[in-house]
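One letter stands for each residue in the lines below.
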Amino acid sequence: MTPRDEARDAARRHLNEDPTLSLGDLAARMGIARATLHRHFSTREALLTEIGRASLDSWEASQRRCEQQAAIDSGDPGRLRACVEAHLRDCVVDAEEFGFALTDHFLSHSAELVERAAALERLDVALYAAAQQAGVLRPDLPAAWLSHAVWGLMLGSRNALRGGDVARRPLEDIVVSTFLDGAAAR
């Protein structure tokens, strides 16, 4: 891992605790000089863009790990359910790792990040639609709604972890059962 990556990851962890931190405040919390952080990221926006890219990289990696497109193409109910479950578990990890990015206004206005996120979301929606067609998920809900519901569960996960309302260990199971039981085909 490069020093830039280490700085990005350390800043991300601190922004998860306090999303309003300036670069100067971040540097102080990281125990480095502000000039050192500025050498890696000239502006707060540059840092946020890097964190946003890392978040999207993680989302895309989750889609690859569960072989999302192959699961969609297969139409196999067991494979689709397993893919949905694996993807949900990865999303919980991402909500913990990139929690502030779920609601940061800068990230939702960066054309580059918005365009890439939209493409990743289209694949998720296609997964939910295929799972609906295979009888895994309820067909009476719009597939796009299911994607929004997952987003909501990730916000809930982040907030529950921050507030100490749920222990980390069972959170993935809680999210999977909440989603799959609530959206399961009847």
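Residues numbered from 1 in each chain as written. Predicted model: local features only at pLDDT ≥ 70, side-chain atom pairs only at ≥ 80, totals over all residues. Heavy atoms only, no water.

1. Here we look at the side chain of glutamate 50
Relative to the assigned elements, glutamate 50 resides in helix H4 (residues 44-65). Overall, the relative accessible area of 16% leaves glutamate 50 in the buried class. (Helix = DSSP H or I, 4+ residues; strand = E, 2+ residues; numbered from the N terminus. Buried < 20%, exposed > 50% of the residue type's maximum accessible area, 1.4 Å probe, protein only.)

2. Brief notes about helix H9 (residues 168-183)
For H9, spanning 16 residues, the distance from its first C-alpha to its last is 23 Å, which sits close to the expected 22 Å at 1.5 Å a residue. Within H9 the residues assigned to the buried category are Leu171, Glu172, Val175, Val176, Phe179, Leu180 and Ala183. Summarising the axial view, the buried residues of H9 lie within an arc of 135°, below the 170-degree limit, and thus occupy one face. Seen from the buried face of H9, the exposed residues on the opposite side, beyond 90 degrees, are Arg169 and Asp181. Taken together, the buried residues of H9 touch helix H6 (77-97), helix H7 (111-133) and helix H8 (143-163). (Expected span 1.5 Å × (residues − 1). Arc of directions from axis to C-beta. Contact = heavy atoms within 4.5 Å.)

3. As for the pattern of salt bridges
Using the criterion set out here, one finds 19 salt bridges in the structure. Arginine 138 is the partner of aspartate 140 in a salt bridge, and the nearest nitrogen-oxygen pair spans 2.8 Å. Several salt bridges converge on common partners, so that one network encompasses Glu85, Arg89, Glu96, Arg168, Glu172 and Asp173. (Salt bridge = Lys/Arg side-chain N within 4 Å of Asp/Glu carboxyl O.)

4. What to know about the environment of glycine 135
For glycine 135, the position within the fold is in the loop between H7 and H8. Judged by relative accessible area, which is 43%, glycine 135 ranks as partly exposed. Residues glycine 135 and glutamate 67, 68 residues apart in the sequence, show an inter-C-alpha distance of 19 Å.

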